[in-house]
Amino acid sequence: MTETTLNSVIFYLFSAIIILSVIESYFSYTHDKKYYESKDTLTTIYLMSVNFLVNVVMKSGTYLLLDYCFRHYRLFSIPNGLLYWTVLVLLQDFFYWLLHATGHYIRLFWAVHVTHHSSEHFNLTTGFRSSVFEPIYRLFFFVPLSLMGFSAIDILIAYYVTQIYGNLVHTQTIGKLHPIIEYIFVTPSHHRVHHASNYRYLDKNMGMLLILWDRIFGTFQEELPEDKVRYGLVKDLENRGPVNIIFHEFIALSEDMKKTEVLSDKLKYLFYAPGWSHDGQSQTSKDLQRQLETEENAACLES
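Student: Account for the pattern of salt bridges, naming residues and giving values.
Tutor: Once the charged atoms of two side chains with opposite charge are near each other, the side chains can pair. Under the counting rule described, the total for this entry stands at ten salt bridges. Across the pair E134 and R138 runs a salt bridge, and its minimum N-O distance is 3.7 Å. When sorted by exposure, E134 lands in the same class as R138, which is buried. With a closest N to O distance of 3.2 Å, R192 and E223 form a salt bridge. Pair noted here: R192 is in helix 8 (residues 188-194) and E223 is in the loop between helix 9 (212-217) and helix 10 (242-257), with a separation of 31 residues, a long-range link. Here R192 falls in the buried class, since its relative accessible area comes to 7%.

What follows is the structure, given as structure tokens:
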């Protein structure tokens, strides 16, 4: 594959998503679904534009690093084309799951990823509300693929193709699909859970293409009719300006680190889960879920 092929793939796939977004927006408007809100969509366009610029800046560096590792340090190669692409897509999807999980379980990376979860709406454009600074470190999660014998261009093509699939599941217009599809692949239902602020749904369903990784690693959660999804963040933003959406968690992280003089605690604020605090005054998603489980068990005993 060539860089021209990569650029063509990106152009045509993203053009298709834009067309589908317009169609979904029209459907939402004509059926009064309120899936879209103009200010929210404009904010998404702004965030997408900033992310695009970061991607452009990082593109050459990403390619050069992956290509260097491939040419000088690859451990083996897969001569069969079908097997090559099958293994590449599966491994790339796993490493994306790992990247995504890192963005949820380590606060420094959550400060980057949180922009993607900042919208209180959920539609096809939400997929474009990218984690603005993620391209700066995302490439390091794909270096193992180069070492395993996959070329830089092929890695990037596999990533963008699966990312387009990841964009398509940002929708409320599709309900649950066939159980076999729901068991294997990430579906709109799974990803609605991922974008929910309900305690039960926090840090769940982090796959891009396959939901199997979440089933294997214990991060799967089904969408439940009795727990209707609420989109956005657990703590709503008072200032929903686009600049604040990008930097608010970095600011909050800095303020929390100033609360302690102990270096180890400062580092824990950086690398422990969002919600951790040195004095126990705040709660992580796991704490909130344990609290919910306790309340539900108590309610069952009372009934």
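Let's pick the thread back up.
Student: Residue-level account of helix 3 (residues 81-105), with values.
Tutor: Count 3.6 residues to each turn of an α-helix, and residues three or four apart come out pointing the same way. A rise of 1.5 Å per residue sets the reference length of helix 3, with its 25 residues, at 36 Å; its end C-alpha atoms lie 36 Å apart and thus fit the reference within 8%. The backbone nitrogen of L82 lies 3.1 Å from a side-chain oxygen of the residue at the head of helix 3, namely N80.

Student: Summarise the packing of helix 3 against helix 6 (residues 152-168); cite the residues concerned and give the values.
Tutor: Running from N to C, helix 3 and helix 6 cross one another at 65°; their axes reach a closest spacing of 10 Å. Seen from above, helix 3 lies across helix 6 with right-handed handedness. The residues of helix 6 that touch helix 3, namely those facing Y84, W85, L88, V89, Q92 and Y96, are D154, I155, I157, A158, Y159 and T162. Among the residues making up the contact of helix 3 with helix 6, the classes are represented as nine nonpolar, two polar and one charged.

Student: Can you explain the nonpolar core? Please cite residues and give values.
Tutor: Counting residues in hydrophobic clusters, the biggest one holds 27 residues, and the most contacted among them are L66, L88, F142, L145, F150 and I155. Contributions of two or more residues to this core are made by helix 1 (3-30), helix 2 (38-73), helix 3, helix 4 (107-113), helix 5 (135-147) and helix 6. Ranked by residues supplied to this core, first place goes to helix 6 with seven residues. Beyond its immediate chain neighbours, meaning those up to four positions away, L145 contacts L88, L91, Q92, F95, F150 and I155.

Student: Help me get a handle on a nonpolar patch on the surface, residues and values and all.
Tutor: A surface patch of nonpolar side chains, amounting to about 340 Å² of accessible area, comprises I19, L20, I23 and L168. Counting residues per element, the nonpolar patch draws most heavily on helix 1, at three residues. Tracing the chain through its elements places I23 in helix 1.

Student: Talk me through the layout of surface pockets; I want residue IDs and the actual numbers.
Tutor: In this model, the largest pocket occupies a volume close to 1200 Å³. Taken together, 42 residues make up the lining of the largest pocket; nearest its centre are W110, V234, K235, E249 and G275. Breaking the lining of the largest pocket down by element, the ones donating at least two residues are helix 3, helix 4, helix 10 and helix 12 (285-302). Each residue belonging to the lining of the largest pocket can be placed in one class, and the counts come to 16 nonpolar, 15 polar and eleven charged. Estimates place the volume of the second largest pocket at around 980 Å³. Along the walls of the second largest pocket sit 39 residues, with F14, N51, N55, Y160 and Q163 positioned nearest its centre. Counting only elements with at least two residues in the lining of the second largest pocket, the list comes to helix 1, helix 2, helix 3, helix 5 and helix 6. Ranked by residues supplied to the lining of the second largest pocket, first place goes to helix 2 with nine residues. For the lining of the second largest pocket, the residue count by class is 18 nonpolar, 18 polar and three charged.

The rules behind each value
Residues numbered from 1 in each chain as written. Predicted model: local features only at pLDDT ≥ 70, side-chain atom pairs only at ≥ 80, totals over all residues. Heavy atoms only, no water. Salt bridge = Lys/Arg side-chain N within 4 Å of Asp/Glu carboxyl O. Buried < 20%, exposed > 50% of the residue type's maximum accessible area, 1.4 Å probe, protein only. Helix = DSSP H or I, 4+ residues; strand = E, 2+ residues; numbered from the N terminus. Expected span 1.5 Å × (residues − 1). Polar contact = N/O pair within 3.5 Å; in protein donor to acceptor, adjacent residues only side chain to side chain. Axes fitted to C-alpha atoms, helices over the stretch in contact; angles between N-to-C directions. Left-handed = near helix turned anticlockwise from the far one by under 90°. Contact = heavy atoms within 4.5 Å. Nonpolar A, V, L, I, M, F, W, Y, C, P; charged D, E, K, R; others polar. Core = buried A, V, L, I, M, F, W, Y, C linked by side-chain atoms within 4.5 Å. Patch = residues over 30% accessible without salt bridge, like charges linked within 9 Å, V, L, I, M, F, W, Y side chains within 5 Å. Areas by Shrake-Rupley, 256 points an atom, 1.4 Å probe, with all protein chains shown as cover. 1 Å grid on protein atoms, 1.4 Å probe; cavity = no way out; pocket = protein on both sides within 12 Å on 5 of 7 lines; lining within 4 Å. Points joined across faces, edges and corners; volume = space filled by probe spheres on them.

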